[in-house]
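Residue-level structure breakdown
Here is what each chain is made of, one letter per residue.
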Amino acid sequence: MSVILAIESSCDETSVAVCINGKITANVIANQTIHENYGGVIPELASRVHQQNIVPAVQQALAIAKVNKNELSGVAFTRGPGLLGALLVGVSFAKSFALALDLPLIAVNHMQAHILAHFIDEPKPNFPFLCLTVSGGHTQIVLVKDYFDMEIVGETLDDAAGEAFDKTAKILSLPYPGGPLIDKYAKEGNPLAFKFPEPQIQGLNYSFSGFKTAILYFIRDRQKENPLFIEENLADICASVQHSIVNILLNKLKKAAKQYQIKQIAIAGGVSANSGLRNALLEQKEALGWDIFIPAFEYCTDNAGMIAIAGYHKFLAGDFIGQEVSPMARMNF
Ligand code: KG4
Ligand code: ZN
């Protein structure tokens, strides 16, 4: 019997989950709306809100899971990567909680956890598989050989895919985070209305900074001709930008699948909630005979459920960490 409490605080969601014998029985996510006013996450504000949220979120998760704290077997937490101050709140809480209850501590890598979210519900992928992890801070193609044996075979050299969505949204004067709004407006638009250049990057790596600049100049030029260009074409712009980003992501993923001769393909991270990406991937199921793995929406964007499942597999492996552990803003696999 194992009962794991998991804490996620790497960015702007305070989340707490409970995992009983590999099943997620609570996944409380307190979103921080305060950042909407600023067009991006303000690290200092994020830390303060985590401090306010963490105790009630733990109480709520335990209540939902109908678990008493004395029944816990271990405490898992996100060690990194993420905002240092935000991580510090979760790490400090997890350490004190584990110390007070004499429980083992389990340090989890946030990017690995995004991938391990595929082991929460059926169908689960078999090893090895390829995972495209696309979030606000990362864009990686990962060769997953085992739960904690992962190799990054391609990644962005500059901006992440989520940033490409969020920065486009900012250019269009949409609030932060813009990815979900672009997704929403794209549903009403023509994905072929406007064309944006695909970055020419060698191998399996990505680049999105030039793409973002191309969109900025495109909008500026069109606004010179028509000041109402954005308002009059919002759905078409969103659909075209989304179509381009999805194409860029998929082209490298196809290349990786061919290179590694792998047909089990997963997506993970916040951008894996994007309907354009999900649909484009499903089309490959037919076209290329891929087995596709797409997480449930609640496990795409940041959540402690994924930390809990990663923590559960580390618990089974007896992979614990001491009280001297500190958070890591940058953290490799
Ligand atoms: O994984 P995540 O919640 O946090 C990080 O670890 O970064 O990812 C957040 C990112 C943001 O850039 C957000 O705009 C993007 O995921 N995102 C989306 C969608 N939902 C979230 N991007 C496009 N379409 C969506 N539906
Ligand atoms: Zn994330």
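**A few points about the packing of aromatic side chains**
In total, this model carries 14 aromatic pairs according to the counting rule given. Ring geometry for F119 versus F127: centroids 5.5 Å apart, planes at 25 degrees, classification stacked. By relative accessible area, which is 6% here, F119 ends up buried. Exposure remark for F127: the relative accessible area of 29% places this residue in the partly exposed category. Ring pairs connect the aromatic residues F194, F196, Y206, F208, F211, F218 and F229, which therefore count as one cluster. When the ring centre of F297 is taken as reference, the NZ or CZ atom of R278 above it lies at 4.0 Å. The lysine or arginine in question, K314, covers the ring of F148, its NZ or CZ lying 5.2 Å from the ring centre.

**Concerning the environment of L250**
For L250, the position within the fold is in helix α7 (residues 229-260). Judged by relative accessible area, which is 4%, L250 ranks as buried. On a C-alpha basis, the gap between L250 and E225 in space is 34 Å, while along the polypeptide they are 25 residues apart. Apart from the residues within four sequence positions on either side, L250 is in contact with A280, L281, Q284 and W290.

**Examining the site of ligand 1**
Close to ligand 1 lie 19 residues, the nearest being G136, D166, D183, N274 and D302. Contacts to ligand 1 include G162, whose backbone N or O atom sits 3.4 Å from an oxygen atom. Coverage of ligand 1 by the protein amounts to 89% of the 550 Å² it exposes when considered alone. Elements that contribute at least two residues to the shell around ligand 1 include exactly α3 (110-116), α4 (161-171) and α5 (179-186). The class makeup of the residues in the shell around ligand 1 is 5 nonpolar, 11 polar and 3 charged. When residues of the shell around ligand 1 are assigned to domains, at least three fall in each of domain 1 (3-115 + 300-317) and domain 2 (124-294).

**Some thoughts on the coordination of the zinc ion (ligand 2)**
Within the protein, H110 (NE2), H114 (NE2) and D302 (OD) serve as the donor atoms for the zinc ion (ligand 2), at 2.0 to 2.1 Å. Read in sequence order, the donor residues for the zinc ion (ligand 2) give the motif H-x3-H-x187-D. Of this pair, H110 sits in helix α3 while D302 is found in the loop between β10 (291-293) and α9 (305-317), placing the two residues 192 residues apart along the sequence.

**A word on the sheet that holds strand β5 (residues 105-109)**
On the basis of which strands lie adjacent, the open sheet formed by 5 strands has the order β3-β2-β1-β4-β5 and mixed pairing. In this open sheet, the two strands that pair with only one neighbour each are β3 (23-31) and β5. Neighbour-to-neighbour, the strand axes of the sheet open up by a mean angle of 20 degrees, direction not taken into account. Across 5 bridges, the pairing between strand β4 (residues 74-80) and β5 is parallel. Directly across from G80, in β5, lies its bridge partner N109. Against the sheet, helix α1 (residues 43-65) engages β1 (3-8), β2 (13-20) and β3, with an angle of about 25 degrees to β2.

**Examining helix α2 (residues 84-101)**
Across its 18 residues, α2 extends 25 Å between first and last C-alpha, which sits within 8% of the 26 Å expected from 1.5 Å per residue. For α2, the complete set of buried residues consists of A86, L87, V89, G90, V91, F93, A94, K95, F97 and A98. At the exit of α2 stands D102, carrying a positive phi of roughly 55 degrees.

**Description of the side chain of H50**
Structurally, H50 can be placed in helix α1. Note on H50: relative accessible area 0%, which makes it buried. In terms of polar contacts, H50 uses its side chain to reach the backbone carbonyl oxygen of S9, at 3.4 Å. Sequence-distant contacts of H50, defined by excluding residues within four places in its chain, comprise S9, C11, D12, E13, T14, Q32, A86 and V89.

**Digging into the domain arrangement of the protein chain**
What the domain assignment lists for the protein chain is domain 1 (3-115 + 300-317) and domain 2 (124-294). Between domain 1 and domain 2, the C-alpha centre-to-centre distance is 27 Å. Between domain 1 and domain 2, the contact holds 15 residues from the first and 19 residues from the second. When the two sides are added together, the surface that domain 1 and domain 2 hide from each other amounts to roughly 1,500 Å², 74% of it contributed by carbon and sulfur. On the domain 1 side of the interface with domain 2, the three residues burying the most area are M111, I115 and C300, jointly 40% of the side's total. Counting across the interface, domain 1 meets domain 2 through 0 salt bridges. Linking domain 1 with domain 2 are 1 residue pair in polar contact (both at pLDDT 80 or more). If you list the elements that add at least two residues to the side of domain 1 that touches domain 2, you get α3 and α9. Ranked by residue count, the leading element in the side of domain 1 that touches domain 2 is α3, at 4 residues. Broken down by class, the residue content of the side of domain 1 that touches domain 2 amounts to 6 nonpolar, 6 polar and 3 charged.

Criteria and cut-off values
Residues numbered from 1 in each chain as written. Chains lettered and ligands numbered in written order. Predicted model: local features only at pLDDT ≥ 70, side-chain atom pairs only at ≥ 80, totals over all residues. Heavy atoms only, no water. Phe/Tyr/Trp six-rings, centres within 6.5 Å; stacked < 30°, edge-to-face > 60°. Buried < 20%, exposed > 50% of the residue type's maximum accessible area, 1.4 Å probe, protein only. Lys NZ or Arg CZ within 6 Å of the ring centre and 35° of its normal. Helix = DSSP H or I, 4+ residues; strand = E, 2+ residues; numbered from the N terminus. Contact = heavy atoms within 4.5 Å. Near = heavy atom within 4 Å. Polar contact = N/O pair within 3.5 Å; in protein donor to acceptor, adjacent residues only side chain to side chain. Areas by Shrake-Rupley, 256 points an atom, 1.4 Å probe, with all protein chains shown as cover. Nonpolar A, V, L, I, M, F, W, Y, C, P; charged D, E, K, R; others polar. Domains from an automatic or database assignment. Donors = N, O, S within 2.8 Å, 3.2 Å for Na, K, Ca; no water. Pairing = 2+ DSSP bridges. Axes fitted to C-alpha atoms, helices over the stretch in contact; angles between N-to-C directions. Expected span 1.5 Å × (residues − 1). Buried area = accessible area lost by both parts, 1.4 Å probe. Salt bridge = Lys/Arg side-chain N within 4 Å of Asp/Glu carboxyl O.

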